[in-house]
Amino acid sequence: MKISQKDVEHVARLARLTVAPEELEALTGQMDAILGYVDKLNELDTEGIEAMAHAVPMSNAFREDELKPAIGIERALQNAPVAGDECFTVPKVIE
Amino acid sequence: MKFHNLTIQDIRQKLNSGELTSVELTRVCLERIKATDDKLNAFITVCEEEALAAAAVADQQIASGNGALLTGIPVAVKDIFNTLDVRTTCASKILDDYVSPYDATTITKLREQGAIIIGKLNMDEFAMGSSGENSAAGAVYNPWDTQRVPGGSSSGSAAAVAAGQVVATLGTDTGGSVRQPASHCGVVGLKPTYGRVSRYGVVAFASSLDQVGPVAGNVEDCALMLGVVAGYDPADSTSVDCLVPDYLENLKTGVAGKKIGLPKEYFIDGLDPDIKKAVNSAIETYRQLGAEIVEVSLPHTDYSVASYYLIAMAEASSNLARYDGVRFGIRQDSGDGLIGMYQQTRTAGFGDEVKRRIMLGTYALSSGYYDAYYLKAQKVRTLIRQDFHDVFEQVDLLLTPVAPTPAFKIGAMTNDPLQMYLSDIFTIPTNLAGTCAMSLPCGFSEDGLPIGLQLIGKPFAEAEMLQAAYAFEQATDWSDRVPEL
Amino acid sequence: MNSRYEVVIGLEVHVQLTTKTKIFCGCSIEFGQSPNSQTCPVCLGLPGALPVLNQQVVEDAIKAGLATNCQIAPHSIFARKNYFYPDLPKGYQISQFELPICEHGWMDIETEELGKKRVGITRIHMEEDAGKLLHNESNSSSVDLNRACTPLLEVVSEPDMRSSEEAIAYLKQLHQIVVYLGICDGNLDEGSFRCDANVSIRPWGQKELGTRAELKNLNSFRFIKQAIEYEVERQIDVIEDGGEVVQETRLFDPDAGVSRSMRSKEEAHDYRYFPDPDLLPLQVSADWVERVRSVLPELPLVKLQRYQDEMDLPAYDAGVLSAERPVAEYFEGLVALYNNPKVCSNWVMGEVLGALKEKNLEIIDCPVSPELLAGVLQRIDDKTISGKIAKTVFEEIWQSGKNADQVIEEKGLKQVSDSGAIEAIVDEVIAANPGPVAEYHAGKEKLMGFFVGQVMKASKGKANPGMANQLLKKKLAG
């Protein structure tokens, strides 16, 4: 097994998802099969090979430090599930 | 009226001459959508009123001689493009009520050329899927056989063109999501070189792989659409500042003297016999058109699916973190506090395939696994790009099948995600390498299902690839067939 | 307090830059605007929006790196730090993790207790700030994203400090440098300069570091000192009671003077850093670094030394004049026009800074420019006015904005150097003070000051004091 049910639950927590108990086994099986498959990458020796983070090798894309108009409070909040006092409202955050 | 056998430029002439008005044309499209979309489910949103209003304006512009390339011509876009004041759902429940406050750069470019955005097309949720079945708006059906999938993830983009609902659409291609549905639906679909078309305003699936691409009924329209949306965008740091040629200008150049490579890793034993036959016949056509055909090798092809899915899922796990029920989209909150709200919202809002990929991606990036999975996949990606670099020293273009089988039956792979992933084997490597590729019709299976041919071009050599595609299209009549609905 | 234990402190400072716009979009970073009024699809983290790097942020990072003796990396990258929080719109913060823009720097600090010391700077990296969470009375919190995507430099020190004094000296110097560079407004109240402190203790002589606690929410130098000292005591208590210090983040409450653990119910953080595919790698050429170096201002420590070595100023004067860049610029502007640094120093530290303090003005708004002040000093030199009258002239210039010559002319403040006129006043003074004259003759020569004062008073300050002195000596002797 590449991944256990406990691992799956841990990853779900990191991703802010929940897995229903009745789905856990099937999901773990699917994830295990996929992780088992991708293991084939280890057949390749990649010693000294550079990791590729971008499809096109480029560097330095900048913008000038120039103001652009904001979209406005109304636009900013138009899709908010809950809003009030010009802010997005969320369940109380306890630090 | 039928669009069949009419190119966008033909329609342009009819509009300019007054033989046809944009309002008439828009009505035809709307009626066709009404008549066929019960069977196809290609559209998530149809903007009837807005489209008709825009058509009326377009008619005035055309009458006063101020028409641009697409003035008055209805097109539709995958529901992954942000469109100002129109719902953008990405076929996800989590964005069910999302109305974008801005236009994607590609949408702006379409509007600048006068295009009428008639609606938003169905797709696999967040572009994750190869069948069009993973949609909160319901599955999309193949116009050639509604028992079968249209391919994905730009399912609606291909089905709508195949069914004659619109002349052209935009899709996105992360691992074959334009080419594979184009192949399954018998239309032309193109994935440009990464960086050729702006990604700004296109909901991200896997940022280093995503690329916008046109779908159309013929090569010429595909070339025209590419010309409209291509070009450097300062709002997308990964877009490339290089000249966009006029793709229509030298379309008829032909392929005489061109060297076309057949990567041997793509002509494997498991290939469906109908596909093998159609592709072999296409090779013969190219030989007759004067191209030199040579066998080449892309030795790391077999590792591309593994590399691709790790990278795509890792990037997706991060890209989809913003769907948290705070600023937009749905929220589920049973009062268990902040973390509870996050979990309930995301668990209810995302479909199973999306959740599976987020979790796999999270795992691949997590502490202790990063090097073994994500970093390893990125290194293998370098090897795959190098394969293409090497092979393009020898040949001008590559020719391959698009998919190992024609469109499969709805539900055939739902419970076996890995099997589904493996069906992307021929389209994925070009996304990893970043180069351009396209799909065009090259035959039909015994069951009457379309079969696509893939051409792969050198980076930023879309023009050359389109010329080869055009030559093939002119020499054959595969594009002339239309599905009966 | 640390007789048995050595205190080890490392500091992470978030420096908010003074760019016009955010690090990855064109929204303003102005403080104190209506919530969410300075937002766009990029900083709201809307689907499909993409970041583009503000070049000024890179320039500022290079400046900070050069000013703290860092190596500027020719190749650096941005990474995503993934975690969920309502003030973090994208669900990840764009930061630098592997390959930051600046590394391996240092700063020399000085404390009275321990003298000079070099503190290592591990790295300086660029990142975006989060938004602001407002805690409501009700069962909810509010999110304002105006601050989201504001450019920050995070300056991470080595664990080289051994006392709260050293930590404060380091912070004050870093603060002075970034303000001097003009890349930060230094406003602690508005959060432009925020500090997290990593504090641990270990028995003297032990090589390995003890387990550290990270102190957050330190937004004044005083609180930082308090928080560190409280933390050291707390850790000593824990250990002396036979316990173990646990690695944790603690929030300092300045009102109560205590810190409390921010115990997260969650599992340990796993930020899943990876290179941001939306942002290209950053290449900083040697040319670029040199270009920035060439426009770097002279830094306060260098000025401090130069004022003492080249201008012969006392250490105290040099310290006051170099502490803030606008004061130093004023002073240097004055010296360029009037080449007597000590006189300039006296005037700037006395009249100029005094008047500014009284009127609650910044030196940048001083109505008497270095040019105008130099005019006054020249008139003292050529004996047009006395040093005392000069102060009146200075005040007049402050009020009117006119130059010294105009003021002297209009107010008739020209010093009387006509020996006849002064002689007449001297005669009057001698005649009017027979008692002191007798005492003077009896040997009380200190009274000369009194006579000069009387002459000045009678001339309303305009008499040339040197001439008055001479004439008095002559007359009293005769």
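Residues numbered from 1 in each chain as written. Chains lettered and ligands numbered in written order. Predicted model: local features only at pLDDT ≥ 70, side-chain atom pairs only at ≥ 80, totals over all residues. Heavy atoms only, no water.

1. Overview of the overall build of chain B
Then comes step 1: Looking only at helices and strands, chain B features 15 helices and 11 strands.
Then comes step 2: Here the C-alpha atoms of chain B give a radius of gyration of 21 Å, agreeing with the 23 Å that 2.2 N^0.38 yields for 485 residues.
Then comes step 3: For the C-alpha atoms alone, the extent of chain B along its principal axes is close to 65 × 55 × 45 Å.
Then comes step 4: Counting the 485 residues in chain B, one finds 69% classified as buried.
Then comes step 5: The contacts of chain B with a sequence gap of at least 6 include a subset with a gap of at least 24, amounting to 77%. (Helix = DSSP H or I, 4+ residues; strand = E, 2+ residues; numbered from the N terminus. Rg over C-alpha atoms; globule rule 2.2 N^0.38 Å. Buried < 20%, exposed > 50% of the residue type's maximum accessible area, 1.4 Å probe, protein only. Contact = heavy atoms within 4.5 Å.)

2. Concerning the interface of chain B and chain C
Then comes step 1: Counting residues at the interface gives 40 residues for chain B, matched by 31 residues for chain C.
Then comes step 2: With both chains or domains summed, chain B and chain C bury close to 2,800 Å², and 59% of this area falls on carbon and sulfur atoms.
Then comes step 3: The largest per-residue losses of area from chain B upon contact with chain C belong to S237(B), R322(B) and R327(B), which jointly make up 22% of the total buried on that side.
Then comes step 4: Our count for the contact surface shared by chain B and chain C stands at 1 salt bridge.
Then comes step 5: Salt-bridge contacts for R199(B) lead to D278(C); the nearest nitrogen and oxygen are separated by 3.1 Å.
Then comes step 6: Run the count over chain B and chain C and you get 19 residue pairs in polar contact (both at pLDDT 80 or more).
Then comes step 7: Those elements that provide at least two residues to the side of chain B that touches chain C are α9 (304–319), α10 (337–349) and α11 (352–365) of chain B. (Buried area = accessible area lost by both parts, 1.4 Å probe. Salt bridge = Lys/Arg side-chain N within 4 Å of Asp/Glu carboxyl O. Polar contact = N/O pair within 3.5 Å; in protein donor to acceptor, adjacent residues only side chain to side chain.)

3. Describing the interface of chain A and chain B
Then comes step 1: Each partner contributes to the interface: chain A provides 51 residues, whereas chain B provides 63 residues.
Then comes step 2: Carbon and sulfur atoms make up 69% of the area that chain A and chain B hide from each other, which totals about 5,100 Å².
Then comes step 3: Its largest share of buried area at the contact with chain B, chain A owes to R16(A), L41(A) and M52(A), together 14% of the area lost on that side.
Then comes step 4: Linking chain A with chain B are 2 salt bridges, by the criterion used here.
Then comes step 5: A salt bridge links K40(A) to D302(B), with the nearest nitrogen and oxygen atoms 2.9 Å apart.
Then comes step 6: Summed over the shared surface of chain A and chain B, the result is 17 residue pairs in polar contact (both at pLDDT 80 or more).
Then comes step 7: Elements that contribute at least two residues to the side of chain A that touches chain B include exactly α1 (5–14), α2 (21–38) and β3 (87–91) of chain A.

4. Side note on helix α4 (residues 286–294) of chain C
Then comes step 1: Listing the buried residues of α4(C) in full gives W288(C), V289(C) and V292(C). Seen end-on, α4(C) carries its buried residues on one side only, within an arc spanning 100 degrees. Of the exposed residues in α4(C), those oriented more than 90 degrees away from the buried face are A286(C), D287(C), R291(C) and S294(C).
Then comes step 2: Where the residues of α4(C) are buried, they touch β1 (62–63) of chain A together with α1 (55–67), β3 (71–72) and β17 (282–283) of chain C. (Arc of directions from axis to C-beta.)

5. As for the domain arrangement of chain C
Then comes step 1: Taken domain by domain, chain C holds domain 1 (5–288), domain 2 (297–411) and domain 3 (419–477).
Then comes step 2: Computed from C-alpha atoms alone, the centre-to-centre distance between domain 1 of chain C and domain 3 of chain C is 67 Å. (Domains from an automatic or database assignment.)

6. As for the side chain of D233(B)
All names here are of chain B.
Then comes step 1: With respect to the helices and strands, D233 occurs in the loop between α7 (219–229) and β7 (259–263).
Then comes step 2: Despite its burial, D233 pairs with no opposite charge; the closest candidate is K109, at 7.4 Å N-O.
Then comes step 3: A distance of 2.6 Å separates the side chain of D233 from the side chain of T105, its partner in a polar contact.
Then comes step 4: Those residues within four positions of D233 in sequence are excluded, and the remaining contacts are T105, S198, Y200 and S239. (Lys, Arg positive; Asp, Glu negative; His and termini not counted.)

7. Structural notes on unusual backbone geometry
Then comes step 1: The omega torsion across G152(B) and S153(B) is 10 degrees, close enough to zero to call that bond cis.
Then comes step 2: Here S153(B) lies in the loop between β3 (116–121) and α5 (155–162).
Then comes step 3: Unusually for a residue other than glycine, N60(A) sits at a positive phi of about 60 degrees.
Then comes step 4: Within the element layout of this structure, N60(A) appears in the loop between α2 and β1.
Then comes step 5: Residue D312(C) is not a glycine yet carries a positive backbone phi of 65 degrees.
Then comes step 6: Structurally, D312(C) can be placed in the loop between α5 (300–309) and α6 (315–323).

8. A closer look at the nonpolar core
Then comes step 1: Formed by 241 residues in total, the largest nonpolar core has its most connected members in L110(B), F126(B), Y286(B), I101(C), M126(C) and Y170(C).
Then comes step 2: Among the elements that line this core, the one with the most residues is α9(B), at 10 residues.
Then comes step 3: Apart from residues no more than four positions distant in its own chain, M126(C) is found in contact with I23(C), V57(C), V58(C), A61(C), F78(C), S95(C), Q96(C), I101(C), L152(C), L153(C) and L282(C). (Core = buried A, V, L, I, M, F, W, Y, C linked by side-chain atoms within 4.5 Å.)

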